[in-house]
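Residue-level structural notes
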Amino acid sequence: MRALLQGSPGRSPFAGHFRGRVAEGGAELAWAGRVKGSAAPEEAWAAAEAAREAMTTVRGSDRFALIDSAWAALRNLNRPDISLLLVASDAEGLSLAASGLGDLRLDGEPVAEPDHPLFDEPGVRERPGYFHPPRVGNDWVGVPVGVKFAPGDVDLTCGARNVP
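1. A closer look at the sheet that holds strand S5 (residues 93-99)
Strand order in this open sheet of four strands is S2-S3-S4-S5, and the pairing throughout is antiparallel. For this open sheet the edge positions go to strand S2 (17-24) and S5, each flanked by a neighbour on one side alone. This sheet shows a mean twist of 10 degrees between the axes of neighbouring strands, independent of strand direction. Note that strand S4 (residues 83-90) and S5 share seven bridges and pair antiparallel.

2. Re the nonpolar core
Core analysis: the biggest nonpolar cluster contains 23 residues, and Phe-18, Leu-29, Trp-31, Met-55, Val-58 and Leu-86 have the highest contact counts within it. Elements that contribute at least two residues to this core include exactly S2, strand S3 (27-34), helix H1 (41-55), helix H2 (63-75) and S4. Broken down by element, the residue count for this core peaks at six residues, all from H2. Val-58 has contacts with Val-22, Leu-29, Leu-66, Ser-69, Ala-70 and Ala-73, leaving out every residue within four places of it along the chain. Counting residues in each nonpolar core, the second largest holds 19 residues, with Met-1, Leu-85, Leu-96 and Trp-140 among its members.

3. What to know about the side chain of Arg-105
As for its placement among the helices and strands, Arg-105 is situated in strand S6 (residues 101-106). Among the polar contacts made by the side chain of Arg-105, one reaches the main-chain carbonyl oxygen of Gly-108 at a distance of 2.9 Å. What Arg-105 contacts, discounting residues up to four positions off in sequence, is Pro-110, Val-111, Asp-139, Trp-140, Val-141 and Phe-149.

4. Considerations on the pairing of S4
For S4, the buried fraction is high: eight of the eight residues fall into the buried class. In S4, alternate side chains face the same way, and those of Ser-83, Leu-85, Val-87 and Ser-89 on one face and Leu-84, Leu-86, Ala-88 and Asp-90 on the other are all buried. Pairing geometry for S3 and S4, over seven bridges, is antiparallel. Across the sheet, residue Arg-34 finds its bridge partner in S4, namely Ser-83. Taken together, S4 and the strand that follows it, S5, pair antiparallel across an intervening segment of two residues.

Reading guide: rules and limits
Residues numbered from 1 in each chain as written. Predicted model: local features only at pLDDT ≥ 70, side-chain atom pairs only at ≥ 80, totals over all residues. Heavy atoms only, no water. Pairing = 2+ DSSP bridges. Helix = DSSP H or I, 4+ residues; strand = E, 2+ residues; numbered from the N terminus. Axes fitted to C-alpha atoms, helices over the stretch in contact; angles between N-to-C directions. Core = buried A, V, L, I, M, F, W, Y, C linked by side-chain atoms within 4.5 Å. Buried < 20%, exposed > 50% of the residue type's maximum accessible area, 1.4 Å probe, protein only. Contact = heavy atoms within 4.5 Å. Polar contact = N/O pair within 3.5 Å; in protein donor to acceptor, adjacent residues only side chain to side chain.

Structure follows, in structure tokens:
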């Protein structure tokens, strides 16, 4: 299971991107995000490093606890420009949460209608909801608000190099 975020058009398509995963107690969380994506590379890198560091604190024994822990960790950064996709699974199923996305794809196909509540402006909400997708798969691709989905090799469009 991978959470990926499509890059933006321009010279620095992955500025401010961060991703990772954690597994604990039979549950797993994968995330991909972007913060300060339109900033200078040095600023974007520093913001992404802060987000990566915050995500090292994520803990939980089920998919909901992992998602809640991730939101809490990122909320402390106070970043209104964050775009994020969280994909969590456990023995009971799969749940997603997101902010700052305009589209979500699984195997190149849309997962939800454009007016779905999953899609909203960047930032970390006080109490974001959970999305239980109608199908499951491996590569979940979030498309940030203002970016058009680019079909093709998901590893290239999302900057995924050697990401399991």
